Amino acid sequence: MKMNVFNLALKVSNTVMEYLMICFALCIFSVSKEYIYMQDMECALYHSLALEVVRVQTIAGENLDALKVYVGVLRKYFPGRPSLLNFLQRLHDYLQSAEEEIDPEALSSFLKKQSVDSYLPSTEKWIGCAGSKPQYRSYPCGLWTMFHTLTVTADTVNQYEVSGNDPREVLHGVQSFVKYFFGCRECSKEFQKMAATIDSTVNSSADAVYWLWLAHNMANARLKGDITEDPENPKVQFPTWNMCPQCYFENSSGNWNKSEVMKFLRSHYGMSNIKLDGVVFMTGEKNIQTIQLLALNKIGIQKSGYFSQADMNFCAFVYVLVAVLLILCYYFFITRRRQKYSFKNKYSSV
């Protein structure tokens, strides 16, 4: 009888510990996966507008039209703080009012205008895109991150709204900026070669997400071993097998599972995976917690990711419940043991 009770207690303890480990693993996985950083995207946005666009000699004709397309995409799909979204709206209106030409110096002055509720953050402090040395990663990494996020945000909008948006809209915005303003002209030429396939292969916002991912991996393959490559962060095909094993077909390093890749991209560049570390606010600007909520309200959807808020709430509930059961089991058996020894000692002394 005693052995049966002991075995039962052991089984209960093992079961409880298994539940604890499962819940712990789920919770840790959901908070330790690789994030993208709003700070990197804001840095890339600032660099693209305040350092790249304004250095051209004239902004007129085709490149003015290209700038309007680029800013129009940013205004619609950049998941930023309220003050930055207000700034992008002002910049969009400013550009639309120009019919023939904009003086780069006048545009530079416009970009520097700041108020607590409308401004372009002037920062280049990289976090997720920081390289092992200042010349590595940084701006190109931030730009790719921003471009991917724009395609995923547009895709998310189109999943939840019957908006009639052009599925190629974001890619055309990216193409417009890279063609006329991106400082690396060789990179621009290579991108234009790839962009020639956009109109014939992209028929949905999901196609746009996938096309940009393919283009990025092609660029990584081309630049692998280049002098611009960070030796501590080599160019690889993204995502790696460690990041997303289900994105690869079994026993294959080059054949992608498209449906799993899309799931990964939507999660990795989705709203719930954007961290706000390093974002600096002006005095009086809205609280940091309001940013993602406002951006979510803007596109009218709930957060997406491998784990929803309901999943996390359930995980926390099970974790607490199992912990309480473990404590009760411990208390029950310790109390019984003390009563047993107390009774034994009492009668053994008689």
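Every chain is numbered on its own, with residues counted from 1 as its sequence reads. Selection of residues for local features in this predicted model requires a pLDDT of at least 70, selection of side-chain atom pairs for listing and counting requires 80 or more, and totals for whole chains, interfaces and linings are taken over all residues. As a rule here, side-chain values come from all non-hydrogen atoms in the structure, and water together with hydrogens is ignored.

J.: Could you give an account of the overall build of the chain, naming the residues involved and the relevant values?
T.: Secondary structure elements are taken from DSSP: a helix is a run of H or I of four residues or more, a strand is a run of E of two residues or more, and numbering for both begins at the N terminus. Assigned secondary structure in the chain consists of 13 helices and four strands. For the exposure calls, accessible area comes from a 1.4 Å probe over protein chains only, and a residue counts as buried if that area is under 20% of its type's maximum, exposed if over 50%, partly exposed in between. Here the chain holds 350 residues, and 42% of them are scored as buried. Put simply, of all contacts in the chain between residues at least 6 apart along the chain, 73% involve residues at least 24 apart. Note on contacts: a residue pair is in contact if any heavy atoms of the two residues lie within 4.5 Å.

J.: Lay out unusual backbone geometry in plain terms, naming residues and giving numbers.
T.: Geometrically, the link from F238 to P239 is a cis peptide bond, its omega value of -5° lying close to zero. Among the secondary structure elements, P239 is positioned in the loop between α10 (205-223) and α11 (258-268). Even without being a glycine, R137 presents a positive backbone phi close to 60°. According to the relative accessible area criterion, R137 is partly exposed, its value standing at 28%. Non-glycine residue S138 carries a positive phi angle of around 40°. With respect to the secondary-structure elements, S138 resides in helix α6 (residues 138-160).

J.: I'd love a proper account of a nonpolar patch on the surface, names of residues and values included.
T.: Nonpolar side chains collect at one region of the surface, where F317, V320, L321, V324, L325 and L328 lie side by side and expose about 540 Å² of accessible area between them. The residue V324 is located in helix α13 (residues 309-348) in this model. Exposure above 30% relative accessible area and no salt bridge define the residues that can form patches, which grow by joining like charges within 9 Å and nonpolar side chains of Val, Leu, Ile, Met, Phe, Trp and Tyr within 5 Å. Values of accessible area rely on a 1.4 Å probe in the Shrake-Rupley scheme; residue burial ignores everything except the protein chains shown. Whenever Lys or Arg places a side-chain nitrogen within 4 Å of a carboxyl oxygen from Asp or Glu, that contact is recorded as a salt bridge.

J.: An account of the side chain of Q39 is needed here, citing residue identities and associated values.
T.: Of note, Q39 is situated in helix α2 (residues 38-52). What qualifies as a polar contact is a pair of N or O atoms within 3.5 Å, subject to a donor-acceptor requirement within protein and to the restriction that residues adjacent in sequence count only when both atoms come from side chains. Engagement of the side chain of Q39 in a polar contact is seen with the side chain of T123, the distance being 3.2 Å. Residues contacting Q39, with those up to four places away along its chain left out, are T123, K125, I127, D277, G278 and V279.

J.: Before we move on, can you summarise the packing of α10 against α11 with the specific residues and values?
T.: An axis is simply a line fitted to the C-alpha atoms; with a helix, the fit covers only the stretch in contact. Between two such axes, the angle follows the N-to-C directions and lies from 0 to 180 degrees. Packing of α10 against α11 leaves a shortest axis separation of 11 Å and a crossing angle of 90°. Between α10 and α11, the angle is such that the two are roughly perpendicular. Residue-level inspection shows A206, D207, V209, Y210 and W213 of α10 in contact with α11, the latter providing K258, V261, M262, L265 and R266. Geometric relationships in this document are graded by angle, where less than 35 degrees denotes roughly parallel, more than 145 denotes roughly antiparallel, 65 to 115 denotes roughly perpendicular, and other angles denote oblique.

J.: If you had to explain the nonpolar core to someone new, which residues and values would you point to?
T.: One finds L49, F78, M146, F147, F177 and W211 to be the most contacted residues of the largest nonpolar core, which totals 79 residues. Sorting elements by how many residues they give to this core places α6 first, with ten residues. In plain words, nonpolar cores are sets of buried Ala, Val, Leu, Ile, Met, Phe, Trp, Tyr and Cys residues tied together by side-chain atoms within 4.5 Å.

J.: Describe α10, and please don't skip the residues or the numbers.
T.: Helix length check: α10, at 19 residues, gives a terminal C-alpha distance of 27 Å against a target of 27 Å (1.5 Å per residue), a fit within 8%. Buried residues of α10: S205, A208, V209, Y210, W211, L212, W213, A215, H216, N217, A219 and N220, and no others. Trailing α10 by a residue or two, G225 shows a phi angle of about 85°, which is positive. A helix is expected to span 1.5 Å multiplied by its residue count minus one.

J.: Before we move on, can you summarise the side chain of E52 with the specific residues and values?
T.: Following the sequence through the fold, E52 ends up in helix α2. For E52, the side chain forms a polar contact with the side chain of R55, separated by 2.6 Å. A distance of 3.0 Å separates a polar atom in the side chain of E52 from a polar atom in the side chain of Y139. Apart from residues lying up to four places away in sequence, E52 is in contact with H47, Y139, F177, F181, F182 and G183.

J.: Give me the lowdown on the packing of aromatic side chains, citing residues and values where you can.
T.: Centres within 6.5 Å are what make two rings of Phe, Tyr or Trp a pair, Trp counting through its six-membered ring; a difference in plane orientation under 30 degrees is then read as stacked, over 60 as edge-to-face, and the rest as tilted. Tallied over the full model, the rule gives twelve aromatic pairs. When the ring centre of Y35 is taken as reference, the NZ or CZ atom of K275 above it lies at 4.9 Å. Two limits define a charge over a ring: the Lys NZ or Arg CZ must be within 6 Å of the ring centre, and within 35 degrees of the ring normal.

J.: Give a detailed account of the packing of helix α3 (residues 62-77) against α6, specifying residues and quantitative values.
T.: Packed helix pairs are characterised by how far apart their axes lie and by the angle those axes make with each other. Where α3 meets α6, the axes come as close as 10 Å, and the angle between the chain directions of the two elements is 60°. Here α3 is positioned oblique relative to α6, judged by the angle of their axes. Crossing hand, α3 versus α6: left-handed. Contacts from Y70, V73, L74 and Y77 in α3 reach M146, F147, L150, T153, A154 and V157 in α6. Gly falls in the polar group here, along with every residue not listed as nonpolar (Ala, Val, Leu, Ile, Met, Phe, Trp, Tyr, Cys, Pro) or charged (Asp, Glu, Lys, Arg). Residues belonging to the contact of α3 with α6 are distributed by class as follows: nine nonpolar, one polar and no charged. The crossing is said to be left-handed when, going from far helix to near helix, the turn is anticlockwise and less than a right angle, and right-handed when the turn is clockwise.

J.: I'd love a proper account of the environment of Y77, names of residues and values included.
T.: One can find Y77 in helix α3. For the pair formed by Y77 and A154, sequence separation is 77 residues and the distance between their alpha carbons is 6.2 Å.

J.: Please provide a residue-by-residue account of a negative patch on the surface, values included.
T.: The charge count includes Lys and Arg as positive and Asp and Glu as negative, but it does not include His or the ends of the chains. By convention, the point assigned to a charge is CZ for Arg, NZ for Lys, CD for Glu and CG for Asp. Together, E99, E100, E101, D103 and E105 line one region of the surface with negative charge. Tracing the backbone through its elements, the reader meets E105 in helix α5 (residues 104-112).

J.: Lay out the pattern of salt bridges in plain terms, naming residues and giving numbers.
T.: Applying the stated criterion to the full structure yields eight salt bridges. The salt bridge involving D199 is made with R168; its shortest N-O contact spans 3.9 Å. In this pair, D199 is assigned in helix α9 (residues 198-201) and R168 in the loop between α6 and α7 (169-180), connecting sequence segments 31 residues apart. D277 serves as the salt-bridge partner of K275, at 3.9 Å between the closest nitrogen and oxygen.

J.: How would you explain the state of the cysteines if you had to name every residue and give the values?
T.: Here, a disulfide means two cysteine sulfur atoms that sit within 2.5 Å of each other. Counted by the stated rule, this structure contains three disulfides. Disulfide pairing is shown between C184 and C187; the S-S distance is 2.2 Å. Every disulfide takes its handedness from the sign of the S-S torsion; for C184 and C187 that torsion is 70°, giving right-handed. When its relative accessible area of 29% is taken as the criterion, C187 is described as partly exposed. In this model, C244 is linked to C247 through a disulfide, with the two sulfur atoms separated by 2.0 Å. Taking the sign of the S-S torsion, about 75° here, the bridge from C244 to C247 comes out right-handed.

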